[in-house]
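Chain and residue survey
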Amino acid sequence: MLSSLLIGLREGLEAAIVVGILAAYLSRLGRRDVLPRLWMGVGLAVLLSLVVGAVLTFGAYELTFQAQEILGGGLSLVAVALVTWMIFWMQRAGRGLKRALEGDIDRALATGALWGIVVIGFISVAREGLETTLLLWSMVQSFGNAPAALGGAVLGLALAVVLGALISRGMIRLDLRVFFTWTGALLIIVAAGVLAYGVHDLQEAGVLPGPFSDAATIDAVTGVVGVGLAGFPFGWAFDVSTIIAPGGPVAVLLQATVGFMPQMTWLQVIAWVVYIAVVGALFFRGARSHPRSHRAQEAVAPAHQGTS
């Protein structure tokens with residue numbers, strides 16, 4: 001629930017900021033008459049995200065076990081790729097976000113293509129919505145606790161809507177640069193866990209070599225799949241399931257926060273470590289390279305200022 005709440009809050013606030021910029025700019029231009037088109041685009045994006053989530057959830061029941069594992073593993077990799085891209089996109093594009101969005105509105109109004117407002121609203125939210133849907137679906141497959149994951153996501157999205165409304169009205173001030181830096185760092189850890197579980201799914205399906213296939217590394221002494229150094233590279237990196245019960249509270253908490261499982265393969269561990277090391281290093285290098293201006297705050301023009 002904690003991880004899904006973080007995802008819902010982070011992605012929801014990004015979408016709320018974008019919608020707030022668009023709505024405030026239209027109000028400032030005196031074109032509140034096209035606001036319904038903006039909300040139509042937002043609504044269509046939300047509907048698309050829900051449909052994709054429903055298709056993935058109910059469609060998977062018709063697949064064989066191997067197909068389910070391939071689908072789950074593949075979509076986990078896609079979700080990680082999307083999350084990684086969005087983290088760096090927000091870090092890089094935050095300074096010019098307001099200007100770019102207002103430019104899109106100006107072009108749509110200048111050409112008289114008012115339905116372009118629907119498209120702008122749709123694209124602005126669909127990007128975040130599809131990313132959130134894929135990531136949450138992958139987490140549900142990983143953690144096996146759909147009610148808690150969905151409950152956390154709904155709570156996070158609700159908080160994001162409230163925060164977005166308060167920020168756009170100037171009722172609260174939040175250093176969004178700091179917020180997105182910290183949540184981005186936490187999302188990197190969550191994404192690393194989803195990546196590790198995706199690798200596990202693909203190993204179970206036989207797509208990647210591992211302890212579930214003929215390519216498993218066998219311990220010459222015990223004659224079974226090796227654990228530790230005896231299991232490198234296609235066996236188990238460690239197995240502490242006798243200490244931390246799989247499915248128990250501690251295991252669930254660790255898996256939801258840092259991607260730890262009581263029994264992990266070498267490929268899972270390598271994927272987790274490499275992702276954290278490479279993506280984390282690039283992320284914090286980017287965070288240090290930007291000036292300590294309130295980049296994201298500058299991007300959000302409070303609605304009350306735009307309409308005064």
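Attention in this report is confined to the structure presented alongside it. (Residues numbered from 1 in each chain as written. Predicted model: local features only at pLDDT ≥ 70, side-chain atom pairs only at ≥ 80, totals over all residues. Heavy atoms only, no water.)

1. Details of the overall build of the protein
Rules: Helical segments are the DSSP runs of H or I of at least four residues, strand segments are the runs of E of at least two, and each set is numbered from the N terminus. For the exposure calls, accessible area comes from a 1.4 Å probe over protein chains only, and a residue counts as buried if that area is under 20% of its type's maximum, exposed if over 50%, partly exposed in between. Between two residues, a contact is recorded if the distance between any of their heavy atoms is within 4.5 Å.
Per the secondary structure count, the protein includes 11 helices and 2 strands. Sequence-ordered secondary structure for the protein, helices as α and strands as β, is α-α-α-α-α-α-α-β-α-β-α-α-α. Summarising its shape, the C-alpha atoms of the protein cover approximately 80 × 45 × 30 Å along the three principal directions. Across the 308 residues of the protein, 49% fall into the buried class. In the protein, the proportion of contacts linking residues at least 24 apart, taken out of those at least 6 apart, comes to 76%.

2. A short note on unusual backbone geometry
Excluding glycine, a negative phi dihedral is what most residues carry, and trans is how most peptide bonds are arranged. In this structure, P233 follows F232 across a cis peptide bond, with omega equal to 10°. Among the secondary structure elements, P233 is positioned in the loop between α7 (176-204) and β1 (236-239).

3. Some points on the nonpolar core
Applicable threshold: Definition used in this section: a nonpolar core is a set of buried Ala, Val, Leu, Ile, Met, Phe, Trp, Tyr and Cys residues joined via side-chain atoms within 4.5 Å.
By size, the foremost hydrophobic cluster in this structure holds 29 residues, and its most contacted members are L135, M139 and Y275. For this core, the elements supplying multiple residues, two or more each, are α1 (2-28), α3 (65-93), α5 (115-143), α7 and α9 (266-289). Broken down by element, the residue count for this core peaks at 9 residues, all from α7. V18, I21, L26 and V34 belong to the second-largest nonpolar core, a separate cluster that totals 26 residues.

4. A few points about the layout of surface pockets
Here is the rule we go by: In this analysis, the protein atoms alone were mapped onto a 1 Å grid. Cavities are point sets where a 1.4 Å probe fits without being able to get out; pockets are open sets with protein on both sides within 12 Å along at least five of seven lines; lining residues have an atom within 4 Å of a point. Grid points are joined across faces, edges and corners, and a volume is the space filled by probe spheres set on the points. Throughout, the ten residues Ala, Val, Leu, Ile, Met, Phe, Trp, Tyr, Cys and Pro are labelled nonpolar, Asp, Glu, Lys and Arg are labelled charged, and all others, Gly among them, are labelled polar.
Here the largest pocket is characterised by a volume of approximately 1,400 Å³. Those elements that provide at least two residues to the lining of the largest pocket are α1, α2 (35-59), α3, α5, α6 (146-168) and α7. Here the element with the most residues in the lining of the largest pocket is α2; it accounts for 11 residues. Computed from the structure, the second largest pocket encloses a volume of approximately 210 Å³. Forming the walls of the second largest pocket are 12 residues, and the residues nearest its centre are P246, G247, Q255, M261 and P262. Looking at the lining of the second largest pocket, the element that brings in the most residues is helix α8 (residues 249-258), giving 3 residues. Considering only residue class, the lining of the second largest pocket consists of 7 nonpolar, 5 polar and no charged.

5. A few points about the pattern of salt bridges
Cut-off, in case you're wondering: Every case where a carboxyl oxygen of Asp or Glu lies within 4 Å of a side-chain nitrogen of Lys or Arg is listed as a salt bridge.
Enumeration according to the criterion identifies 4 salt bridges in this entry. Ionic pairing is found between E14 and R10, a salt bridge with its closest N-O pair at 2.7 Å. With E14 and R10 both in helix α1 and 4 residues apart, this pair spans about one turn of that helix. Of the two residues, E14 and R10, neither departs from the other in class, the shared state being buried.

6. A closer look at helix α4 (residues 97-110)
Rules: Expected helix span is computed as 1.5 Å times (number of residues minus one).
Between the first and last C-alpha of α4 there are 20 Å, a value that for 14 residues agrees with the 20 Å anticipated at 1.5 Å per step. Every buried residue of α4 is accounted for by L97, K98, L101, E102, G103, I105, A108 and L109. Backbone geometry just downstream of α4 places G112 in the positive-phi region, at approximately 75°.

7. A look at the environment of I243
Position of I243 among the secondary structure elements: in the loop between β1 and α8. Overall, the relative accessible area of 70% leaves I243 in the exposed class.

8. What to know about the environment of P209
If you trace the backbone, P209 turns up in the loop between α7 and β1. Placed 11 residues apart in sequence, P209 and A220 show a C-alpha to C-alpha distance of 18 Å.

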